[in-house]
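# Commentary on secondary and tertiary structure
So the chains spell out like this:
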Amino acid sequence: FVISRAGDHERKRKMGPVLAGLGINFTYFDATMGTDLSSGELAAAYDGQGALRHKTIPRSMHASNIGCSISHQRVYSRIVDNGLPSAVVLEDDALPLPESSAGLEELIAELPADWDLLYLGLRGHRLAPLFYPLRLYLVHPFAHLFLPRRYRLTVAESSRLYLRPFSKWLYRAGYHHGTHAYAISAKGARTVLQHTPKIT
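Residues numbered from 1 in each chain as written. Predicted model: local features only at pLDDT ≥ 70, side-chain atom pairs only at ≥ 80, totals over all residues. Heavy atoms only, no water.

### Overview of the side chain of His 140
- Inspection of the secondary structure assignment puts His 140 in helix α7 (residues 140-146).
- Discounting residues that sit within four places of it in the chain, His 140 has contacts with Arg 135, Tyr 151, Leu 153, Thr 154, Val 155 and Ser 158. (Helix = DSSP H or I, 4+ residues; strand = E, 2+ residues; numbered from the N terminus. Contact = heavy atoms within 4.5 Å.)

Below, the structure written as structure tokens:
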């Protein structure tokens, strides 16, 4: 699925030939434009107080962010409703690089049977800083206890923030930004829908 604004526009004209040239079958999925939603529609989909209490990025979300999130939720519903085992989801500004397909078959073979989400692109691709485990277990428990507004995450949550090796081609993703390119299983789609009745 390629999430894109309805109608003919430059991003579609750029994306289509690239995917076709790589032999990738795809379907355009009309994006929900948050700026076109009424205040009632936004309120029905969005939990503003929950967004302000978010543990990693507490902030109010713009209508365009909410529309983007709704678009992805609608893709997950399509996956579940149509009984698809999994799907690749691209936003229309994510252009696949032909050279990035090296090792793709081996990578897919390394996926565990119960996989949920596979990032094909992400922002904030980072490894843990030097001495992070030491800080995590010696300093963080006290910081979380005495400065809970600043140190919102528990030790367990903090231990999952950064990339961790999983296999030759795969890392455990940690916490990252970016919904521009990923694959999601039917189980993953159901899980996300279950845990996001409202967007935060």
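### Here we look at helix α9 (residues 186-195)
- Three or more residues of α9 are buried, namely Ala 186, Gly 188 and Ala 189. All buried residues of α9 project into a common sector of 160° when viewed along the axis, lining one side. Projecting away from the buried face of α9 at angles above 90 degrees are the exposed residues Gln 194 and His 195. (Buried < 20%, exposed > 50% of the residue type's maximum accessible area, 1.4 Å probe, protein only. Arc of directions from axis to C-beta.)

### Here's the deal with a nonpolar patch on the surface
- Together, Leu 130, Phe 131, Leu 134, Leu 138 and Val 139 give the surface a local cluster of nonpolar side chains, amounting to about 560 Å² of exposed area.
- Along the chain, the position of Leu 134 falls in helix α6 (residues 132-138). (Patch = residues over 30% accessible without salt bridge, like charges linked within 9 Å, V, L, I, M, F, W, Y side chains within 5 Å. Areas by Shrake-Rupley, 256 points an atom, 1.4 Å probe, with all protein chains shown as cover. Salt bridge = Lys/Arg side-chain N within 4 Å of Asp/Glu carboxyl O.)

### A short note on the packing of aromatic side chains
- For the structure on display, the rule yields 3 aromatic pairs.
- Here the aromatic rings of Phe 26 and Tyr 28 are separated by 5.2 Å at their centres, their planes lie at 80°, and the arrangement is edge-to-face.
- Among the residues examined, Phe 26 registers a relative accessible area of 29% and is labelled partly exposed.
- Seen from their ring centres, Tyr 132 and Tyr 162 are 4.9 Å apart, and the 80° between their planes marks the pair as edge-to-face. Of this pair, Tyr 132 sits in helix α6 while Tyr 162 sits in the loop between α8 (155-158) and β5 (164-165), placing them 30 residues apart in sequence. This pair shows no difference in class: Tyr 132 is buried, exactly as Tyr 162 is. (Phe/Tyr/Trp six-rings, centres within 6.5 Å; stacked < 30°, edge-to-face > 60°.)

### Notes on the sheet that holds strand β4 (residues 117-119)
- Ordered by their spatial adjacency, 5 strands build an open sheet running β2-β1-β3-β7-β4, and the pairing between neighbours is mixed. Every other strand in the sheet has two partners, leaving β2 (28-30) and β4 as the edge strands with one partner each. If you compare each strand with its neighbour and ignore which way they point, the axes differ by 30° on average.
- The pairing of strand β1 (residues 2-4) with strand β3 (residues 86-91) spans 2 bridges and is classified as parallel. (Pairing = 2+ DSSP bridges. Axes fitted to C-alpha atoms, helices over the stretch in contact; angles between N-to-C directions.)

### Remarks on the nonpolar core
- Phe 1, Ile 3, Phe 29, Val 75, Tyr 76, Ile 79, Ala 87, Val 89, Tyr 182, Ile 184, Ala 186 and Ala 189 together form the largest nonpolar core, which totals 12 residues.
- Mapped onto this core, the elements with two or more residues apiece are α4 (63-81), β3, β7 (181-185) and α9.
- Ranked by residue count, the leading element in this core is α4, at 3 residues.
- Core analysis: the second largest hydrophobic core is formed by 9 residues, Ala 45, Ala 51, Met 61 and Ile 66 among them. (Core = buried A, V, L, I, M, F, W, Y, C linked by side-chain atoms within 4.5 Å.)

### A word on the pairing of β7
- Counting buried residues along β7, 5 of its 5 residues qualify, which places the element largely inside the surrounding structure.
- Of the two faces of β7, the one carrying Ala 181, Ala 183 and Ser 185 and the one carrying Tyr 182 and Ile 184 are both buried.
- Across 5 bridges, β3 lies against β7 in antiparallel orientation. Opposite Leu 90, over in β7, you have Ala 181 as the bridge partner.
- Taken together, the 3 bridges between β4 and β7 define a ladder with antiparallel strand orientation. Directly across from Tyr 119, in β7, lies its bridge partner Tyr 182.

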